[in-house]
Amino acid sequence: MSRRTLRQKPRISYYEPEEPSLDEYIFCDECADFVYEYCAIHGPLLVIPDDKPPAVSPFPAYVPRAALTIPHVFLHLAPSIIPGAGIGVFSTLTLPRGVRFGPYCGVRTQQVDSMYCWQIYSRSHKPSHVVDAADGDKSNWMRYVNCARNWREQNLLAYQYQGQLYYRTIKIIPRFTELLVFYGSEFANALHIDLGKYNAPPGYAQKFGAPAAKKPKLDLQQTKIGHSLSPKHTNNGQTHSKDTENNKKSKIISVNKPEKPISSKNLIKKKSNIFQKKNS
Ligand SMILES: C[S@@+](CC[C@H](N)C(=O)[O-])C[C@H]1O[C@@H](n2cnc3c(N)ncnc32)[C@H](O)[C@@H]1O
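Note that the coordinates shown come from a computational prediction; the quantities given were computed from them, not determined experimentally.

1. Points about the sheet that holds strand β11 (residues 156–161)
Note: strands within a sheet are paired through backbone hydrogen bonds, in either parallel or antiparallel orientation. As summarised here, the arrangement of the four strands in space is β3-β6-β12-β11, forming an open sheet in which the pairing is mixed. Of all the strands in the sheet, the pair left with one neighbour each is β3 (46–48) and β11. Averaged over all pairs of adjacent strands, the angle between strand axes in this sheet comes to 35 degrees, irrespective of strand direction. Note: strand β6 (residues 99–101) against strand β12 (residues 164–169), two bridges, orientation antiparallel. Bridging from a neighbouring strand, R100 pairs with R168 of β12.

Here it is, written out as structure tokens:
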């Protein structure tokens, strides 16, 4: 009887569940929990892509390319409601909660050289690089979103997903309302925003019918800025600051007063006026 050795076969595992990367989780505001890629109960985020700027801009050279990327059906640029803050981004239509904008575009760098920077984290939650949108010709409209001065006026949340930074709406945004995100405590301090007063007093959201706040498991708001801010805990690379409460309380509808309507005919005219003013 001949003895045959068995051929060396590579071992194949027919059930190799891939560990989901933490960078692929998003936070469902309704479930108040992290979900993988999208919430099976409340559905995916409504993705609004940037407009594609024309190869040759019909606007004068002082209108940066970034301004032409604004999804103009939904949003427009106008002077901010915040005194001295320059240009801001406003809704043209009422936006529901759960709309995703982005990604935030800019120059990839390691230095925080401007107020237009967002820190991106690696899958191992270490600072990876910074996206700097200071150059209006190498970035998109998201650079014009200003920082909320308190939780009540914050209607966007910055978060990291698959290595890029996005903004999503955390409440219904009535039309002609300025879109405002929280930049994180370092930039907020630089803008003289009183962080002690940023969050509403405890129980405020419940007065307006929000369910009792669960104890936050994770901090989840991305914070704009630098290397000194290390993420305390990240999920999908999201940076987590002490602002989780903002998300929990986002169940209340915005108390922002709508801005005065701007007719769409005047929008483009207004757009160039804004830049003229800014550059003069
Ligand atoms: C990322 S940019 C936002 C777009 C800016 N408004 C513009 O016209 O280019 C950040 C700058 O906007 C202004 N800004 C944003 N939020 C502000 C706030 N809450 N208070 C005062 N200034 C603010 C500051 O000048 C800051 O340096």
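Now that the structure has been shown, the text picks up again.
2. Notes on the nonpolar core
Membership of the largest hydrophobic core comes to 41 residues, with the highest contact counts inside it found for V89, F101 and Y167. With three residues, the top contributor of residues to this core is helix α1 (residues 65–68). Beyond its immediate sequence surroundings of up to four residues, F101 is in contact with I48, L75, L95, W141, M142, L156, Y166, Y167, T169 and L179. Membership of the second largest hydrophobic core comes to nine residues, among which are C28, V35, L157 and Y166.

3. Some details on the environment of G136
Tracing the backbone shows G136 in the loop between β9 (127–132) and β10 (146–147). In sequence terms G136 and V63 are 73 residues apart; their C-alpha atoms lie 8.6 Å from each other. Ignoring anything within four residues of it in the chain, the contact list for G136 reads P64, R65, A66 and R143.

4. Some thoughts on the pattern of salt bridges
By the definition in use, this model includes three salt bridges. When the shortest N-O distance is used, the salt bridge between D135 and K138 registers 3.8 Å. K138 sits in the exposed class, given a relative accessible area of 53%. As a salt-bridge pair, R149 and E153 come within 2.8 Å of each other at their nearest N and O atoms.

5. A few points about unusual backbone geometry
Going from G102 to P103, the amide bond is cis rather than trans, its omega being 10 degrees. The residue H125 is not glycine, and still its phi comes out positive at about 70 degrees. Along the chain, the position of H125 falls in the loop between β8 (117–121) and β9. For H125, a relative accessible area of 25% corresponds to the partly exposed category.

6. Re the site of the ligand
As a structural note, the neighbourhood of the ligand is formed by 17 residues, with A85, I87, Y116, N146 and C147 the closest of them. At 2.8 Å, a backbone N or O of C147 approaches a nitrogen atom of the ligand.

7. A short note on the packing of aromatic side chains
This model, assessed by the stated rule, comprises nine aromatic pairs. An aromatic cluster is present here, built from Y104, W118 and Y167 joined pairwise through their rings. Here the basic side chain of R143 rests over the ring of Y144, its NZ or CZ set 4.9 Å away from the ring centre. Here the basic side chain of K171 rests over the ring of W151, its NZ or CZ set 5.6 Å away from the ring centre.

8. Looking at the pairing of strand β5 (residues 87–91)
Among the five residues that make up β5, five are buried, leaving the element largely enclosed by the rest of the structure. Side chains I87, V89 and S91 of β5 all project onto a buried face; the interleaved residues G88 and F90 project onto the opposite face, where all are buried too. Where strand β4 (residues 75–79) and β5 come together, five bridges link them in antiparallel fashion. Looking across to β5, one finds that L77 is bridged to V89.

Conventions used here
Residues numbered from 1 in each chain as written. Predicted model: local features only at pLDDT ≥ 70, side-chain atom pairs only at ≥ 80, totals over all residues. Heavy atoms only, no water. Pairing = 2+ DSSP bridges. Helix = DSSP H or I, 4+ residues; strand = E, 2+ residues; numbered from the N terminus. Axes fitted to C-alpha atoms, helices over the stretch in contact; angles between N-to-C directions. Core = buried A, V, L, I, M, F, W, Y, C linked by side-chain atoms within 4.5 Å. Buried < 20%, exposed > 50% of the residue type's maximum accessible area, 1.4 Å probe, protein only. Contact = heavy atoms within 4.5 Å. Salt bridge = Lys/Arg side-chain N within 4 Å of Asp/Glu carboxyl O. Near = heavy atom within 4 Å. Polar contact = N/O pair within 3.5 Å; in protein donor to acceptor, adjacent residues only side chain to side chain. Phe/Tyr/Trp six-rings, centres within 6.5 Å; stacked < 30°, edge-to-face > 60°. Lys NZ or Arg CZ within 6 Å of the ring centre and 35° of its normal.

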